[in-house]
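# Working through the structure, step by step
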Amino acid sequence: MQRSVSLFALALAAGSPLSASEPEKPAPDATAHSGPPVEAPAQTADAPSGDIALPRFAAELAQRPMFMGTAAWRPEGDARARWMSAGRAKRQAARWDYARALIGAGRAPEALGMLTLMEEDDADLALVPVFQLAKGIAQLQLHRPAEAMAVLSGAELRDNAEACAWRMRALAALGRDDEALQQVNCALPAINGRRDASRIPFILAAADAAVRAGRPGMALRWLNPLTDRDPAANVLRGRAYLAMGEVQAGRLRLERVLIDGTEEQKADARLALVEGEIDHGALSPAEAIGKLETVRYSWRGGPIEERALRREFMLAMASHDTTATLRSAATLIGYFEPRSDAAELLEQARTALFAVLAPDSGVPLAQAAGLYWDYRELAPAGPDGDRLVDRLADRLQEAGLYERAADLLDHQLRERAQDVVQGPLSIKVASLRILAGQPERAIRVLQETEQPGYSDEMIWDRKRVEAVALHVLGKPEAAMAALDGIPGGDLLRAEFEWKDAAWERFAATNGAALPGRGPLQAPQQAQILRQAIALAMLGREDGLVALRNRYGSAFEKLPSAGVFDVLTRAVGSVDPATVSAAMGEIPSASPAGRFADLIDAVYTE
């Protein structure tokens with residue numbers, strides 16, 4: 001967004017070093033033009049020429065003297081007509097003159113298109129300094145300062161006054177103010193060589209850089225040639241006076257801008273007034289952030305919003321306002337060109353994010369998770385970022401916020417995890433979806449992350465989770481089918497049957513998987529005691545006798561010996577209340593391991 005130039009500034013220029021005898025012409029950085037778009041007729045100088053190459057032009061252009069000032073971008077005569085009628089031998093030269101004319105008229109898109117066309121026919125043009133200069137100017141007119149700097153920084157343009165002038169503007173647009181001011185001495189001949197309105201954007205850029213660089217006196221000297229009624233100049237004067245502590249003088253200039261400035265200039269003036277209040281301690285941090293937000297909502301994009309965001313970020317950091325810190329940092333990083341302090345800004349934002357996610361932060365877990373979700377692009381990439389997400393997901397799961405944890409890891413699964421890394425993460429996400437009461441989404445996650453690179457163990461675990469989801473959905477046959485060929489699948493089948501109180505099927509499935517003789521761990525004890533209950537429910541006294549004979553000695557010295565004794569007595573010798581109490585003493589560890597724990601959690605819910 002370029003500052004407009006008032007008629008008052010031009011009137012003043014008529015009697016100052018800015019005056020000129022030639023009529024007023026469009027500034028070279030104007031983005032609008034009055035003429036129609038350049039559209040060549042069916043048969044033009046640039047019609048396709050088959051395989052016939054144009055004569056090379058780079059050497060000829062390199063031999064021409066370098067130029068500077070407005071006249072360089074205003075070739076004599078009708079450059080468009082010459083381009084339209086040029087033959088092969090003169091076509092590149094005609095294109096060059098027309099590209100210069102387009103730059104002079106501020107028609108940057110067409111100018112860059114013409115220069116690109118020239119370069120396609122003669123790649124060596126990219127090595128010619130004056131051609132680099134033209135491309136850099138066109139890029140800057142298109143508000144692409146970083147691309148402009150890349151072209152304008154060639155060694156042969158280092159001491160060229162015209163290149164220095166445009167480099168100064170590009171650096172100022174990038175916020176590299178000290179570097180911009182370093183270009184001033186080199187740029188002065190090109191700036192002073194302009195005798196019309198085209199000089200003013202360079203003056204404003206230099207003054208803007210000086211204000212931001214903490215050199216308000218220099219800014220005011222740059223602005224001397226411009227009238228005191230020019231809103232673009234008065235915005236900068238107001239900021240400069242405020243920086244010098246001359247509050248009344250600064251406020252007067254800015255309030256005048258609010259009367260007759262453009263909407264952009266008015267937003268700039270409102271921001272400067274807020275900055276003055278902040279600098280002089282008239283506002284609390286919260287009040288200042290609120291006023292900066294108001295300015296930002298009135299004007300989006302460009303250096304004005306960026307300046308407001310940077311102020312907001314510094315205030316938020318100083319006052320430990322985490323939400324405002326993350327909001328302003330995320331907007332700066334996401335929507336504005338990175339500056340020299342980009343790495344430092346990102347690190348500060350990450351520190352704030354880490355602090356709010358720490359268990360001892362004092363921020364409620366749900367709010368902390370919301371902040372992470374809103375500003376997850378600030379999180380570090382790689383293992384550090386993965387660990388941060390995992391810790392937060394674990395905390396959410398412990399708090400029973402299963403869906404929030406699943407959403408968090410699902411984003412990581414789809415946006416960050418690659419190849420086989422998706423395997424274990426897909427299992428965790430699917431498990432959380434089951435816990436959140438979303439078994440359909442659990443199955444969808446597994447289906448969408450299917451790939452051939454998983455190990456057998458990973459494939460089996462994914463099948464086990466799928467079986468749990470299907471069982472929760474009330475599809476027992478599909479759940480059993482999912483376990484076909486899966487090692488240990490019988491233990492999970494038995495778990496389903498136990499939960500469903502399908503005693504006949506459970507006794508058969510579980511009985512086939514009972515442990516052999518020897519020491520019994522807790523899961524194996526639970527498996528045997530469950531078998532006893534199923535047999536008792538079915539009235540199979542012979543089975544209970546066999547169970548008592550097979551495992552009696554193994555249970556003698558175990559804490560669950562009494563439970564085993566009660567459950568394996570003769571059918572009818574124990575009342576239901578005793579059996580119920582004994583069931584409560586069965587070890588909680590299931591033979592199906594963590595997948596049984598998942599089923600237990602679902603049934604508990």
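Going along each chain's sequence as written, the residues are numbered from 1 onward. Whole-chain, interface and lining totals are the exception, using all residues; otherwise, since this is a predicted model, local features are given only for residues with pLDDT of at least 70 and side-chain atom pairs are given and counted only at 80 or more. Heavy atoms from the whole structure form the basis of all side-chain values; hydrogens and water molecules are not counted.

Secondary structure assignment for the protein yields 33 helices and zero strands. Counting across all 605 residues of the protein, residues that qualify as buried make up 49%. Here, residues are in contact when the closest pair of their heavy atoms is within 4.5 Å. Restricting the contact set of the protein to residue pairs at least 6 apart, pairs at least 24 apart contribute 64%. Residue-level accessible areas treat just the shown protein chains as cover; the underlying method is Shrake-Rupley with a 1.4 Å probe. When the accessible surface of the protein is summed, it comes to about 28,300 Å², and 52% of that surface belongs to carbon and sulfur atoms. Strands are runs of DSSP state E lasting at least 2 residues, helices are runs of H or I lasting at least 4, and numbering of each runs from the N terminus. Under the scheme applied here, a residue whose accessible area is under 20% of the maximum for its type counts as buried, over 50% as exposed, and between as partly exposed, the area being computed with a 1.4 Å probe on protein chains only.

Turning our attention to the nonpolar core. Nonpolar cores were defined as sets of buried Ala, Val, Leu, Ile, Met, Phe, Trp, Tyr and Cys residues, with membership established by side-chain atoms within 4.5 Å. In this structure, Leu61, Trp73, Trp96, Phe131, Met168, Trp222 and Leu223 are the most contacted members of the largest nonpolar core, which totals 70 residues. Looking at this core element by element, the count peaks at ten residues for helix 11 (residues 200-212). Residues contacting Leu223, with those up to four places away along its chain left out, are Ile203, Leu204, Ala207, Ala233, Leu236 and Arg237.

So, about the state of the cysteines. Cysteine sulfur atoms that come within 2.5 Å of each other are treated as a disulfide pair. Applying the stated criterion across every chain, the model contains one disulfide. Between the sulfur atoms of Cys164 and its disulfide mate Cys186 the distance is 2.0 Å. Every disulfide takes its handedness from the sign of the S-S torsion; for Cys164 and Cys186 that torsion is 75°, giving right-handed. Of this pair, Cys164 sits in helix 8 (residues 161-173) while Cys186 sits in helix 10 (residues 184-192), and the two are 22 residues apart along the sequence. Take Cys164: its relative accessible area is 0%, and that puts it in the buried class.

Turning next to the pattern of salt bridges. Basic side-chain nitrogens of Lys or Arg form a salt bridge, by our definition, when they fall within 4 Å of a carboxyl oxygen of Asp or Glu. Within the structure shown, the criterion is met by 44 salt bridges. Here Arg56 ties to Asp124 by a salt bridge, and the two come within 2.1 Å at their closest N and O atoms. In this pair, Arg56 sits in the loop between helix 1 (7-13) and helix 2 (58-63) while Asp124 sits in the loop between helix 5 (108-121) and helix 6 (129-141), placing the two residues 68 residues apart along the sequence. Judged by relative accessible area, Arg56 falls into the exposed class, the value being 61%. Assessed through its relative accessible area of 33%, Asp124 is described here as partly exposed. Note that Lys428 and Asp394 form a salt bridge whose closest N and O atoms lie 2.8 Å from each other. Of this pair, Lys428 sits in helix 23 (residues 422-435) while Asp394 sits in helix 21 (residues 382-398), and the two are 34 residues apart along the sequence. Owing to a relative accessible area of 31%, Asp394 belongs among the partly exposed residues under this scheme.

It is worth spelling out the packing of helix 5 against helix 6 at this point. Where helix 5 contacts helix 6, the two axes come as close as 9 Å, and the packing angle between them is 145°. Seen from above, helix 5 lies across helix 6 with left-handed handedness. The residues of helix 6 that touch helix 5, namely those facing Ala108, Leu112, Leu115, Met118 and Glu119, are Phe131, Ala134, Lys135, Ala138, Gln139 and Gln141. Angular values range over 0 to 180 degrees, each being the angle between N-to-C directions of two axes fitted as lines to C-alpha atoms, with helices fitted over their stretch in contact. Put simply, a crossing is left-handed when the front helix is turned counterclockwise from the back one by less than a right angle, and right-handed when it is turned clockwise.

Here the expected span of a helix is defined as 1.5 Å times the quantity of residues minus one. Here helix 21 contains 17 residues, and its C-alpha end-to-end distance of 25 Å stays within 8% of the 24 Å for a straight helix at 1.5 Å per residue. Where helix 21 is concerned, the buried positions are Gly385, Leu388, Val389, Leu392, Ala393, Arg395 and Leu396. Seen along its axis, helix 21 keeps its buried residues to an arc of 160°; they face one direction. Residues of helix 21 that are exposed and point over 90 degrees away from its buried face: Pro383, Arg391 and Glu398. Contacts from the buried residues of helix 21 go to helix 19 (342-357), helix 20 (365-374) and helix 22 (402-415). Within two residues after helix 21, Gly400 carries a phi angle of roughly 80°, on the positive side. It is the directions from the helix axis to the C-beta atoms whose arc is reported.

Moving on, we get to the packing of aromatic side chains. Geometry of aromatic contacts follows a simple scheme: Phe, Tyr and Trp rings, the Trp one being its six-membered ring, pair when their centres are within 6.5 Å, and the pair is stacked under 30 degrees between planes, edge-to-face over 60, tilted otherwise. This model, assessed by the stated rule, comprises six aromatic pairs. For the pair Trp83 and Tyr98, a centre-to-centre distance of 5.2 Å together with 15° between the ring planes defines the contact as stacked. Taken as a pair, Trp83 in helix 3 (residues 79-85) and Tyr98 in helix 4 (residues 91-104) lie far apart in primary sequence, 15 residues in all. Classification of Trp83 as buried rests on a relative accessible area of 5%.

For every residue, the predictor reports its confidence as pLDDT, a number between 0 and 100. Chain-level pLDDT for the protein is 86 on average; 90% of the residues reach the 70-or-more range. Confidence, expressed as mean pLDDT per element, reaches its minimum in the protein at helix 1 with 29 and its maximum at helix 13 (residues 231-243) with 97. Contacts of residues 1-44 to residues separated by more than four positions or lying in other chains number 91 contacts, the stretch itself having pLDDT below 50.

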